[in-house]
Amino acid sequence: MCCVLQFVNGNVKWYNTRNARSAIDALKAKMAPTSIVKRDGKWITVQARDLVPGDIIQIRIGDIIPADSRCGPSENVQADQAALTGESLPKSVGQGDLLFASSVVKRGEGEAVVVATGMHTVMGKAAFMVSSVKKKSRYEHILSIVALYLLVSALTLMTIQMIYMTVSCEPKQH
């Protein structure tokens, strides 16, 4: 019985982990952001992962800022940076101000110069700090306690059985 419970426990954990990874991979593929970049004097659309510091990007209403950027020539740009700063209202951004990656342009349009990409952005650094903390979920903690209880119970019962077999198998003297 103990082995069956251990087997079921391991399979449930494996199944949940596999489903979570599949869901995350699907979301990443769907949300691969693009950006309009000025390269060789022409505006082209590229994947956000292909941006490099120094690229000039176009920002418009509804765009998600793909990398930390310094605002260039623009008109009335306001960005919602709540995901990173917690501000409840969009922030007005002028020339020279920093736009954080993952901010959403709520108003205006213009250009910006990429200053940091990927894990070098403010959001990337925050994500790294969060991911570096390995904390057990409540579910994992409970499963660990149950597994430990079952292991101790099995060892105790095996010890009792071994003692009983040793005592009952001794030759009797007449």
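Scroll up a little and you will see the structure.
In this report, we go over the structure that sits alongside the text. (Residues numbered from 1 in each chain as written. Predicted model: local features only at pLDDT ≥ 70, side-chain atom pairs only at ≥ 80, totals over all residues. Heavy atoms only, no water.)

1. Observations regarding the overall build of the protein chain
Part 1: Tallying secondary structure elements over the protein chain gives four helices and seven strands in all.
Part 2: Ordered by position from N to C terminus, the α and β elements of the protein chain give α-β-β-β-β-α-β-β-β-α-α.
Part 3: Since a compact globule built from 174 residues should have a radius of gyration of about 16 Å, the 29 Å found for the protein chain marks it as more spread out than a globular shape.
Part 4: Each of the three principal axes of the protein chain carries a C-alpha extent, and together these read 110 × 30 × 20 Å.
Part 5: Taking all 174 residues of the protein chain together, the buried fraction comes to 21%.
Part 6: Long-range pairs, those at least 24 residues apart, make up 60% of the contacts in the protein chain with a sequence separation of at least 6.
Part 7: Element-wise, carbon and sulfur atoms account for 63% of the exposed surface of the protein chain, whose accessible area totals about 12800 Å².
Part 8: Seen as two clouds, the 20 positive and the 14 negative side-chain charges of the protein chain have centres 10 Å apart. (Helix = DSSP H or I, 4+ residues; strand = E, 2+ residues; numbered from the N terminus. Rg over C-alpha atoms; globule rule 2.2 N^0.38 Å. Buried < 20%, exposed > 50% of the residue type's maximum accessible area, 1.4 Å probe, protein only. Contact = heavy atoms within 4.5 Å. Areas by Shrake-Rupley, 256 points an atom, 1.4 Å probe, with all protein chains shown as cover. Lys, Arg positive; Asp, Glu negative; His and termini not counted. Charge placed at Lys NZ, Arg CZ, Asp CG, Glu CD.)

2. Overview of the nonpolar core
Part 1: Within the largest apolar cluster, 15 residues are counted, with the highest numbers of intra-cluster contacts made by Leu51, Ile57, Ile59, Val93 and Leu99.
Part 2: Of all elements in the fold, only strand 3 (56–59), strand 4 (68–80) and strand 7 (104–116) reach the threshold of two or more residues within this core.
Part 3: Residues in contact with Leu51, not counting those within four places in the same chain, are Ser35, Val37, Arg39, Val46, Ile57, Pro66, Ala67, Val114 and Thr117. (Core = buried A, V, L, I, M, F, W, Y, C linked by side-chain atoms within 4.5 Å.)

3. Concerning the environment of Ala83
Part 1: Note on placement: Ala83 falls in helix 2 (residues 82–85).
Part 2: Residues Ala83 and Ala101, 18 residues apart in the sequence, show an inter-C-alpha distance of 9.8 Å.

4. Focus on helix 4 (residues 138–168)
Part 1: In this model, helix 4 (31 residues) spans 45 Å end to end at C-alpha, consistent with the 45 Å of a helix rising 1.5 Å per residue.
Part 2: For helix 4, every residue scored as buried is listed here: Leu143, Ala147 and Leu150. (Expected span 1.5 Å × (residues − 1).)

5. Description of the pairing of strand 7
Part 1: Pairing analysis gives four bridges linking strand 3 to strand 7, with the strands arranged antiparallel. When the sheet's bridge partners are listed, Ile56 is paired in strand 7 with Val113. (Pairing = 2+ DSSP bridges.)

6. Observations regarding the pattern of salt bridges
Part 1: Applying the stated criterion across every chain yields a total of three salt bridges.
Part 2: Where Glu140 meets Lys13, a salt bridge forms, and the shortest distance between an N and an O atom there is 3.9 Å. Here Glu140, found in helix 4, pairs with Lys13, found in helix 1 (residues 2–30); they are 127 residues apart in sequence, far enough to count as distant.
Part 3: Lys13 sits in the partly exposed class, given a relative accessible area of 42%.
Part 4: Between Asp55 and Arg39 there is a salt bridge, with its nearest N and O atoms 2.6 Å apart. A residue pair is termed long-range when its members are at least 10 positions apart, and Asp55 in the loop between strand 2 (42–47) and strand 3 and Arg39 in strand 1 (residues 34–39) qualify at 16 residues. (Salt bridge = Lys/Arg side-chain N within 4 Å of Asp/Glu carboxyl O.)

7. Some words on the pairing of strand 4
Part 1: As paired strands, strand 4 and strand 7 are joined by nine bridges and run antiparallel to one another. Residue pairing in the sheet places Ala79 in a bridge with Val105 of strand 7.
Part 2: In terms of strand pairing, strand 4 meets strand 5 (residues 91–93) through three bridges, oriented antiparallel. The partner of Ala79 across the bridge, within strand 5, is Lys91.

Honestly, that's just the spatial picture; any functional story needs more than this.
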